[in-house]
Amino acid sequence: MELDIEQIMQEIREEIAAQPPVPEPPAFAPESAADALGFLQAHTALRPYRALSGNPGKVFVQRVIRRMLRFLIVPLAEEQSEINAAAVRVLSELVQREEHP
Amino acid sequence: MTRIVQLLPAITPGDAVSCDALALHRLLRDAGYPAVLCAMHIAPALRDTVQPASALVLYPEDVLLYHMSTGSPLHQCIPHYRCRKIMLFHNITPPGYFTPYSPAAAARAAQGLAELRQLRTCFSLCLADSAYNLGVLREAGYTCPLAVRPLLMPFASLAQKPDAAMLRRLTADGRHNLLFVGRIAPNKRQEDLLRLFWHLHQRRPDTRLILAGSWEGMGRYYAALQGYARTLGLRDVLFTGHIRQPGLLACYLAAEVFVCMSEHEGFCVPLAEAMYFDLPVIARGSAAVPETLGGAGILSSDPREAARIAERLLTDAAFREAVCRRQRRRLAAFEPSHAGRVFLSQLGAYLEECTA
């Protein structure tokens, strides 16, 4: 004879209803300020390079272009990274002041 | 001779739409059709099988099968192709899910929905993975013939050898593993899986939750989930990140229960894969999930209730067997040979109608 799954489900529901209410876990916050700050801290420094993929010819051309643009891209990335780092420092301090006034 | 040309924005091994396209390509070839598979972005491993979309030339006697699952510049070409066109619709996640985490993903999804509406008069037939997806097409204004086409399940790839080291790692400590497979994405509601696990862990500390899936492009949601796991004091949660097939197989083999709290799914292939591995499934009854389960598995949207069901499945062998038996019956509907026959008959009827 096949077990009645619906009956077991009913038993489980009755069991839950009969038990004293348990504390619910804290709600999920889509992204807390601490999470967002963590994300900013982890991504402060821009990486001007990405792994190149494709056939060897395409990779070669991409590498040449990358080398040619290095003089432009690398200083821009460094400058933006410094700006990011400063912004993250300010935000971190504000969060600290908020948490430990 | 009529060529059957599949076109999709991107193709990469392991992705559900790509797997479907590759399986269809083999099916069409085996059935004697001159089949062509084209994509805009092609993963290096598939460059021998797939042609670049930029080189695609279509003739009036060709049939185009366009896989629609996201926004893509390809949609601009569709109205200009002078051939017969069929859409294979795989659903588009509502952009609202992505807005708090990835404006780019939200924009892509919104673009996809806009393109779906723009293309509503371009196809003479639309085939979707589920009746739920057909509803989405109707809402978008599609009036052409619509039908459900069962997905070609990649069951053959599930019979490969698993990653032995990973399997050992997941089973050596004797913990009971709960598994969810799917990319880390807000519509999959992994936070509810963490809540479910929190409830279970109170009563059964000898358990582990495995979340197998890539967080690429969803780094902020992933960070929020990690923060939430810390808040809940859950240490036994494993985020695998992008995982290769042998690793995924190890996860399935190490797991005892498959849990899914996803809120938006056009089909949800991992549910069928879990049934293939004889894992009892507990899932939220949202979107196409009840249709995919077809009365098998157990539907529960309440994490606390789902945790109690998981606990019962871990301890009550008769209950577990009853659930799995029902799933085995359901699994027959996903038999690739059946899905292949359905698709070929749909295509045959379409071609006959075109020539009549």
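Let me sum up the structure you'll find in this document.

Calculation notes
- Residues numbered from 1 in each chain as written.
- Chains lettered and ligands numbered in written order.
- Predicted model: local features only at pLDDT ≥ 70, side-chain atom pairs only at ≥ 80, totals over all residues.
- Heavy atoms only, no water.
- Pairing = 2+ DSSP bridges.
- Helix = DSSP H or I, 4+ residues; strand = E, 2+ residues; numbered from the N terminus.
- Contact = heavy atoms within 4.5 Å.
- Axes fitted to C-alpha atoms, helices over the stretch in contact; angles between N-to-C directions.
- Salt bridge = Lys/Arg side-chain N within 4 Å of Asp/Glu carboxyl O.
- Buried < 20%, exposed > 50% of the residue type's maximum accessible area, 1.4 Å probe, protein only.
- Polar contact = N/O pair within 3.5 Å; in protein donor to acceptor, adjacent residues only side chain to side chain.

## What about the sheet that holds strand β5 (residues 84–89) of chain B?
Residue and element names in this part refer to chain B.
So, step 1. Judged by pairing direction, the sheet is parallel, and its seven strands sit side by side in the order β3-β2-β1-β4-β5-β6-β7 without closing on themselves. The open sheet has two free edges, formed respectively by β3 (51–52) and β7 (146–148), since each of these has just one partner strand.
So, step 2. Looking at chain direction, strand β4 (residues 63–68) and β5 are connected through six bridges and run parallel. Paired with His-67 across the bridge in β5 is Leu-88.
So, step 3. In the packing of helix α1 (residues 16–30) onto the sheet, contacts are made with β1 (4–11), β2 (35–42), β4 and β5, and the angle to β1 comes to roughly 160°.
So, step 4. With respect to the sheet, helix α3 (residues 131–139) is in contact with β5, β6 (125–128) and β7, its orientation differing from that of β7 by roughly 160°.

## Digging into the pattern of salt bridges
Residue and element names in this part refer to chain B.
So, step 1. Counted under the stated rule, the structure contains 23 salt bridges over all chains.
So, step 2. Measuring nitrogen to oxygen at the nearest pair gives 3.0 Å for the salt bridge that ties Asp-206 to Arg-204.
So, step 3. Overall, the relative accessible area of 27% leaves Asp-206 in the partly exposed class.
So, step 4. When salt bridges with common partners are traced through the structure, they connect Arg-189, Glu-191, Asp-192, Glu-263 and Arg-284 into a single cluster.

## With respect to the side chain of Asp-192 of chain B
All names here are of chain B.
So, step 1. When you line up the elements, Asp-192 lands in helix α5 (residues 190–203).
So, step 2. Assessed through its relative accessible area of 5%, Asp-192 is described here as buried.
So, step 3. Within polar-contact distance, the side chain of Asp-192 engages the side chain of Arg-284 at 2.9 Å.
So, step 4. Setting aside its immediate chain neighbours within four residues, Asp-192 contacts Met-261, Arg-284 and Pro-303.

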